[in-house]
Amino acid sequence: MTTTDSNKAMPFEGLHEECGVFGMYDFDGGDVASSIYYGLFALQHRGQESCGIAVSETSGPKGKVTSYKGMGLVNEVFDGETLEKMRGDIGVGHVRYSTAGESTRENAQPLVLNYVKGTLALAHNGNLINAKELKKDLEYTGAIFQTTIDSEVIAYHIARERLQSKTAEEAVRRACMKLKGAYALVVASPRKLIGARDPFGFKPLCIGKRDNAYILASETCALDTIGAEFVRDVLPGEVVTITPEKGIESDMEMALPKEKEARCIFEYIYFARPDSHIDGVSVYGSRIKAGKFLAMDSPVEADLVTGVPESGNAAALGYSLQSGIPYGTAFVKNGYVGRTFIKPKQSSRESSVRIKLNVLKEAVAGKRVVMIDDSIVRGTTSDRIVRMLREAGATEVHVRISSPPFLWPCYFGTDIPEREQLIAYKRSIEDIRKIIGADSLGYLGMERLDEMVEGLSICRGCFNGKYPMEPPKEDIRGEYFDKEIDMAKKLERNL
């Protein structure tokens, strides 16, 4: 469930992704824990709440998995001594930001399951819309859950299917066929590394190779970090099985027609690192294009174009290249705000935005500034940043957003809240401009999204309410949105 834990590492009150996954199998028998650690380090932007690694030796006893996980950043949870003890040539790792499931150590991944056929270590990125029904089915047959996350439901179903399947990969596919929603899975069985991507391709997953070791990762930047070469993307609906005997095997039984695929557009706008490529498209290139389109469609006379770090920077450069207005740095970001950051109370003079972001007065004083950001969710952060630019001496502040306005919630792993909490809901662009205090405001046009991602099929649900699958009838995204749970907690506090 989405948590309101004040210790969560949030860059701003904007969008957050769910998780990053990483798996590795060294056919030469070398230990993989340290490489998984560095892979997770590269994926840290996808989740700063908790992380974990689970490894095993393919030549050793089938039931022995060494795992370690904890709350915090990768370099806070792991040290050299811990990694040294983690012996194994196959393993999976995970970094987490919760959109469903409480912020506790129990909900950290990977999950390790010991069952009659051996062991499974599983890492999951995404959000299921039928997790409650799947969980209920299991509970009625005696399953006891240790966590409140979707991923445990998936692990149980894989274990159950394994009892009736010839292979672990068949069990993964059969379990996946029951799942509705977004998922990228990395599963380590005793002798196989298995990856699965949902049929819509909401969440990214790619394959890499280094010497005689194979890797599965959420983004290509993680491959670069450990010196691995990119092999290919796992396709939407594909289950891949990696073994020394057969290399990479592919099962496309779940695949949909290309036009029905629905990648999350926010991988390209916000979530992914700019140095990643997803499904053959450069994230950096997409953001440059978004900025250029904004300059074409929402031009303005100004002296400086600047981006709100980090995801606004490339779009700001694109705006500058297209418009001819000089690009410059106007913000200094404090990169050392970990999960132990204590959010200031509202009565406090310290603003959480100011603590994490400061304006270079020399860069903006006396200038008309175009400020590029990736999105406006509730508007509270945007209005503070506009105010900061004005206080630093900017004569005009023109805001440009490299995505269309949010009008609908997301159920597939992005924490876009209910419509009533979205600033664009029932408001015109002029209304929003006034609320955030900008001199002008422009959003990326919906018609530009296809060009931005070179024609890939994408999900536009949060912009137009047309989801690639039937959304759940009740909100499944956790305690922040679950009114019954919220009311129960309030009553508890009052007793």
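This is a predicted model, so every value here is computed, not measured.

Thresholds applied
Residues numbered from 1 in each chain as written. Predicted model: local features only at pLDDT ≥ 70, side-chain atom pairs only at ≥ 80, totals over all residues. Heavy atoms only, no water. Buried < 20%, exposed > 50% of the residue type's maximum accessible area, 1.4 Å probe, protein only. Helix = DSSP H or I, 4+ residues; strand = E, 2+ residues; numbered from the N terminus. Contact = heavy atoms within 4.5 Å. Pairing = 2+ DSSP bridges. Axes fitted to C-alpha atoms, helices over the stretch in contact; angles between N-to-C directions. Salt bridge = Lys/Arg side-chain N within 4 Å of Asp/Glu carboxyl O. Core = buried A, V, L, I, M, F, W, Y, C linked by side-chain atoms within 4.5 Å. 1 Å grid on protein atoms, 1.4 Å probe; cavity = no way out; pocket = protein on both sides within 12 Å on 5 of 7 lines; lining within 4 Å. Points joined across faces, edges and corners; volume = space filled by probe spheres on them. Nonpolar A, V, L, I, M, F, W, Y, C, P; charged D, E, K, R; others polar. pLDDT = per-residue confidence, 0-100. Right-handed = clockwise from strand over helix to strand, strands pointing away.

### Details of helix H6 (residues 168-176)
Step number 1: Burial of H6 is extensive: seven of the nine residues sit out of reach of the surface.
Step number 2: Taken residue by residue, H6 has Ala168, Glu169, Ala171, Val172, Arg173, Ala175 and Cys176 as its buried positions.

### So, the environment of Pro236
Step number 1: Assignment of secondary structure puts Pro236 in the loop between strand E11 (229-233) and strand E12 (239-243).
Step number 2: Once the C-alpha coordinates of Pro236 and Ala255 are considered, the two residues, 19 residues apart in sequence, prove to be 6.3 Å apart.
Step number 3: Aside from chain neighbours lying at most four places away, what touches Pro236 is Arg197, Asp198, Pro199, Phe200, Gly201, Met252, Ala255, Glu261 and Arg263.

### Overview of the sheet that holds strand E20 (residues 368-373)
Step number 1: Spatially, four strands are ordered E17-E20-E21-E22 in an open sheet, and the strand pairing comes out parallel. Bordering the open sheet on either side are strand E17 (304-307) and strand E22 (440-443), each of which pairs with just one other strand. Neighbour-to-neighbour, the strand axes of this sheet turn through a mean angle of 20°, independent of strand direction.
Step number 2: One ladder, built from four bridges, connects E17 with E20; its direction is parallel. Paired with Val305 across the bridge in E20 is Val370.
Step number 3: Lying over the sheet, helix H13 (residues 380-391) contacts E20 and strand E21 (396-401), oriented at roughly 150° with respect to E21.

### Some remarks on the pattern of salt bridges
Step number 1: Per the counting criterion, the structure on display carries 29 salt bridges.
Step number 2: The residue Glu454 makes a salt bridge to Lys289 at a minimum N-O spacing of 3.6 Å. Separated by 165 residues along the polypeptide, Glu454 in the loop between helix H15 (449-452) and strand E23 (458-459) and Lys289 in helix H9 (residues 283-297) bring together distant segments of the chain.
Step number 3: The exposed category is assigned to Glu454, whose relative accessible area is 53%.
Step number 4: Since its relative accessible area comes to 26%, Lys289 is described here as partly exposed.
Step number 5: Note that Glu310 is salt-bridged to Lys333, the shortest N-O span being 3.9 Å. With Glu310 in the loop between E17 and helix H10 (312-323) and Lys333 in strand E18 (residues 331-333), this pair connects stretches of sequence that are 23 residues apart.
Step number 6: Judged by its relative accessible area of 52%, Glu310 falls in the exposed class.
Step number 7: Take Lys333: its relative accessible area is 32%, and that puts it in the partly exposed class.
Step number 8: Taken together, the shared-partner salt bridges connect Arg197, Lys258, Glu261, Arg263 and Asp279 into one network.

### A word on the nonpolar core
Step number 1: Ranked by size, the top nonpolar core spans 46 residues in total, and within it Phe266 and Phe412 carry the most contacts.
Step number 2: Of all elements in the fold, only helix H8 (266-271), H9, H10, E20, H15, E23 and helix H16 (461-464) reach the threshold of two or more residues within this core.
Step number 3: Considering each element in turn, this core owes the most residues, five residues, to H9.
Step number 4: Excluding anything up to four places from it in sequence, Phe412 contacts Asn127, Ile129, Gly181, Ala182, Phe202, Lys203, Tyr467, Pro468 and Met469.

### Here's the deal with the sheet that holds strand E9 (residues 206-210)
Step number 1: The seven strands are arranged E3-E2-E4-E1-E10-E9-E11 in an open sheet whose pairing can be described as antiparallel. At either end of the open sheet lies a strand with only one pairing partner, and these are strand E3 (66-71) and E11. In this sheet, adjacent strand axes meet at a mean angle of 15° when their direction is disregarded.
Step number 2: As judged from the four bridges shared by E9 and E11, these two strands associate in the antiparallel manner. What sits directly across from Lys209, in E11, is Glu229.
Step number 3: The sheet contacts of helix H1 (residues 33-42) involve strand E1 (19-26), strand E2 (50-56), strand E4 (90-96) and E9, and relative to E2 the element is tilted by about 155°.

### Quick notes on empty space enclosed by the protein
Step number 1: Scanning the entire structure with this criterion turns up four cavities of 30 Å³ or more.
Step number 2: Of the pockets and cavities examined, the largest cavity occupies roughly 120 Å³.
Step number 3: Along the walls of the largest cavity sit 15 residues, with Cys264, Cys410, Phe412, Cys459 and Cys462 positioned nearest its centre.
Step number 4: Of the residues in the lining of the largest cavity, the class split is 12 nonpolar, two polar and one charged.

### Let's talk about the environment of Ile215
Step number 1: With respect to the secondary-structure elements, Ile215 resides in strand E10 (residues 213-217).
Step number 2: A relative accessible area of 0% places Ile215 in the buried class.
Step number 3: Along the backbone, Ile215 and Tyr25 are 190 residues apart, and their C-alpha atoms lie at a distance of 6.6 Å.

### Here's the deal with the confidence of the model for the protein chain
Step number 1: Residues of the protein chain with pLDDT of at least 70 account for 87%, and the chain-wide mean is 88.
Step number 2: Residue range residues 1-13 is modelled with pLDDT below 50. Its contacts to residues more than four positions away, or to other chains, number 56 contacts.
Step number 3: Segment residues 477-495 is flagged for pLDDT under 50; beyond a separation of four residues in sequence, or across chains, it makes 31 contacts in the model.

### As for the pairing of E21
Step number 1: Along E21, five of the six residues are buried, which leaves the element largely enclosed by surrounding structure.
Step number 2: Summarising the sheet, E20 and E21 pair through six bridges and their orientation is parallel. Pairing of Val369 across the sheet is with Val397, part of E21.
Step number 3: One crossover worth recording links E20 to the parallel E21 by way of H13, and it is right-handed.
Step number 4: In the sheet, E21 pairs with E22 via four bridges, with the strands oriented parallel. Looking across to E22, one finds that Val399 is bridged to Leu441.

### Overview of the environment of Cys410
Step number 1: Positionally, Cys410 belongs in the loop between E21 and helix H14 (429-436).
Step number 2: For Cys410, a relative accessible area of 10% puts it in the buried group.
Step number 3: A sequence separation of 283 residues divides Cys410 from Asn127, and the C-alpha atoms of the two residues are 9.9 Å apart.

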